[in-house]
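Architecture and fold: a report
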Amino acid sequence: RDFVQSSFRNDPATAVSQISRIGDERQREQAYRRTLGAWVERDSAAALAWMQTNPVPDSVRERINRRLNPE
């Protein structure tokens, strides 16, 4: 978790790819929400491309999609 937070600024893709290694499911999902949410704000095309080719919890995908497409 610490690696994800510290490396995000310089390399979001590497940071996000390490989230799956977090053992606690709740902390892992929270890390996906925070990190992908911040990445979408910074570079939505890159974040969405990463999400399309990597496993991300459905709840995180839904939250990101709602954020990008508010009703």
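Residues numbered from 1 in each chain as written. Predicted model: local features only at pLDDT ≥ 70, side-chain atom pairs only at ≥ 80, totals over all residues. Heavy atoms only, no water.

1. Here we look at the nonpolar core
The condition is simple: By nonpolar core we mean a set of buried residues, namely Ala, Val, Leu, Ile, Met, Phe, Trp, Tyr and Cys, connected to one another through side-chain atoms within 4.5 Å. Throughout, exposure labels follow a simple rule: accessible area from a 1.4 Å probe, protein chains only, divided by the maximum for the residue type, with under 20% read as buried, over 50% as exposed, and the rest as partly exposed. Elements are defined by DSSP. Helices are runs of H or I of four residues or more, strands are runs of E of two residues or more, and each kind is numbered from the N terminus. What makes two residues a contact is simply this: any of their non-hydrogen atoms within 4.5 Å.
Formed by 16 residues in total, the largest nonpolar core has its most connected members in Val16, Tyr32, Leu36, Trp39 and Trp50. Every element with two or more residues in this core is listed here: helix H2 (12-17), helix H3 (25-53) and helix H4 (58-68). Residue contributions to this core peak at eight residues, all from H3. Val16 has contacts with Tyr32, Thr35, Leu36, Trp39 and Trp50, leaving out every residue within four places of it along the chain.

2. Quick word on H3
Quick note on the threshold: Every helix has an expected span of 1.5 Å times one less than the residues it contains. Throughout, bend refers to the angle between the axes fitted to the seven residues that end at a position and the seven residues that start at it. Polar contact criterion, stated in full: a pair of N or O atoms within 3.5 Å, where within protein one must be able to donate a hydrogen and the other to accept it, and residues adjacent in sequence count only if both atoms are side-chain atoms.
Compared with the 42 Å implied by 1.5 Å per residue over 29 residues, the 21 Å span of H3 between its first and last C-alpha is markedly short. The principal kink in H3, of about 135°, is found at Asp43. Here H3 has its buried residues at Ala31, Tyr32, Thr35, Leu36, Gly37, Trp39, Val40, Ala47, Trp50 and Met51. One side-chain oxygen of the residue at the start of H3 lies 3.1 Å from the amide nitrogen of Arg26, identifying that residue as Asp24.

3. A few points about the environment of Gly37
The topology assignment puts Gly37 in helix H3. Separated by 22 residues in sequence, Gly37 and Ser59 place their C-alpha atoms 13 Å apart.

4. Digging into the side chain of Thr35
With respect to the helices and strands, the residue Thr35 is situated in helix H3. Among the polar contacts listed, one links the side chain of Thr35 to the backbone oxygen of Ala31, at a separation of 2.8 Å.

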